[in-house]
Amino acid sequence: MKYFIGVIILCFGLISCSGEKLSDAYGNFEADEVIVGSEGQGKILSFNVKEGEQIKAGAIVGYIDTMQLSLKKQQLVASINSVTAQTMDVQSQLNIYREQKNNILREKRRVEHMLKDEAATQKELDNITGNIEVVDREIEAARKKLETGNRGILSQIEPIEKQIDQINDQINKSLIINPVSGTVLTKYSEEMELAGYGTPLYKIAGLDEITLKVYVSGDQLPHIKLGQEVEVLIDDTKKENRSLKGTIKWIASEAEFTPKIVQTKDERVDMVYAVKVLVVNDGYLKIGMPGEINFMSSSEKD
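As recorded by an unreviewed UniProt entry, the protein carries the name HlyD family efflux transporter periplasmic adaptor subunit and is attributed to Zobellia barbeyronii.

Dropping the structure here:
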């Protein structure tokens, strides 16, 4: 009898010793993934992207053929030159009238001298003055006519220049420029393939900092806040976890049904709130890896 009681006590002791402390929340690591698409259209002539490669933001990783765009631009530039050649040289046209005026002014000075010597009449001087006024009006009329005509011709250039601006923008977008610093997760296209507007080229994500998305119950929600530091646990061995520091960066404003990753069926029928915790990646954290969170440290729980 004593032996039987001893066995029961030993079993309870083993059960209590093997009891594992559960974490406050569970989830998986994720990152903000960006699918980089083609902004140009044509054959991919260069594409220097490899899966697993780290690329800085702003790096040129390839380019798309721009031959047709360049030819179209040359054609438009030639059109501008052709239109410009049709404009009339306002200055040279006006110089003709000004030369006529200078000749009349010289004649006026000669008549004025003759008038002093009574070798000319006042009527002759008045006629010359009148001629000067006529030439001045002709100069002004010619200037307005030429400028108006030129404005009509030059107005044809502005739409062409807008087309050139559009082509320059398309040429610039034919460069494949990496938008964010990160690690290439998936490569969708290869060199010499044809790309259209929006064709996916590769997927990239910043992994220097990675997010652990977990779910908490309504009872836990009042005890957490944005910016709060938490303990993040990941598997180290079959029996031990590795502890990291994390910071709560986002808390859902609305509840949702518990996702399947939560441990038991009873828990999965509850409504929970999603929480995202930012963790500095030491290189071992991967997208999709499971993780756990303690809002209080082990010592505080004890």
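Structure's up, so let's keep going.
**A word on a nonpolar patch on the surface**
Among the surface-exposed residues, Leu45, Ile60, Tyr63, Leu175, Ile177 and Met192 lie close enough to one another that they form a single nonpolar patch of about 530 Å² accessible area. For the nonpolar patch, the secondary-structure elements that each account for two or more residues are strand S5 (60-64) and strand S6 (175-177). Looking at where Tyr63 falls in the secondary structure, it is placed in strand S5. Residue class for Tyr63 comes out partly exposed when judged on its relative accessible area of 39%.

**What to know about the nonpolar core**
Among the nonpolar cores identified, the biggest contains 19 residues, and Phe29, Val232, Val277, Val279 and Ile293 are the most heavily contacted of them. Every element with two or more residues in this core is listed here: strand S1 (25-30), strand S10 (209-217), strand S11 (229-235), strand S12 (241-251) and strand S14 (271-280). Beyond its immediate sequence surroundings of up to four residues, Ile293 is in contact with Ser23, Asp24, Ala25, Leu212, Val214, Val230, Glu231, Val232 and Val277. Ranked by size, the runner-up nonpolar core spans 13 residues in total, among them Val49, Val61, Val184 and Ile204.

**Looking at the environment of Val180**
Tracing the sequence through the fold places Val180 in the loop between S6 and strand S7 (182-187). The partly exposed category is assigned to Val180, whose relative accessible area is 31%. In sequence terms Val180 and Gly206 are 26 residues apart; their C-alpha atoms lie 7.5 Å from each other. Ignoring anything within four residues of it in the chain, the contact list for Val180 reads Val34, Ile55, Lys56, Ala57 and Ile204.

**Concerning the side chain of Ser46**
Positionally, Ser46 belongs in strand S3 (residues 42-47). The exposure class assigned to Ser46 is buried, which follows from its relative accessible area of 13%. Look past the residues within four positions of Ser46 in its chain and what remains in contact with it is Val61, Gly62, Tyr63, Ile176 and Glu191.

**Things to note about the sheet that holds S7**
Here four strands make up an open sheet; going across it, the order is S2-S9-S7-S4 and the pairing antiparallel. The two strands at the open ends of the sheet, each matched to only one other strand, are strand S2 (33-37) and strand S4 (54-55). When S4 meets S7, the two strands line up antiparallel, connected through two bridges. Bridge pairing links Gln54 to Thr183 in S7.

Thresholds, definitions, all that
- Residues numbered from 1 in each chain as written.
- Predicted model: local features only at pLDDT ≥ 70, side-chain atom pairs only at ≥ 80, totals over all residues.
- Heavy atoms only, no water.
- Patch = residues over 30% accessible without salt bridge, like charges linked within 9 Å, V, L, I, M, F, W, Y side chains within 5 Å.
- Areas by Shrake-Rupley, 256 points an atom, 1.4 Å probe, with all protein chains shown as cover.
- Salt bridge = Lys/Arg side-chain N within 4 Å of Asp/Glu carboxyl O.
- Helix = DSSP H or I, 4+ residues; strand = E, 2+ residues; numbered from the N terminus.
- Buried < 20%, exposed > 50% of the residue type's maximum accessible area, 1.4 Å probe, protein only.
- Core = buried A, V, L, I, M, F, W, Y, C linked by side-chain atoms within 4.5 Å.
- Contact = heavy atoms within 4.5 Å.
- Pairing = 2+ DSSP bridges.

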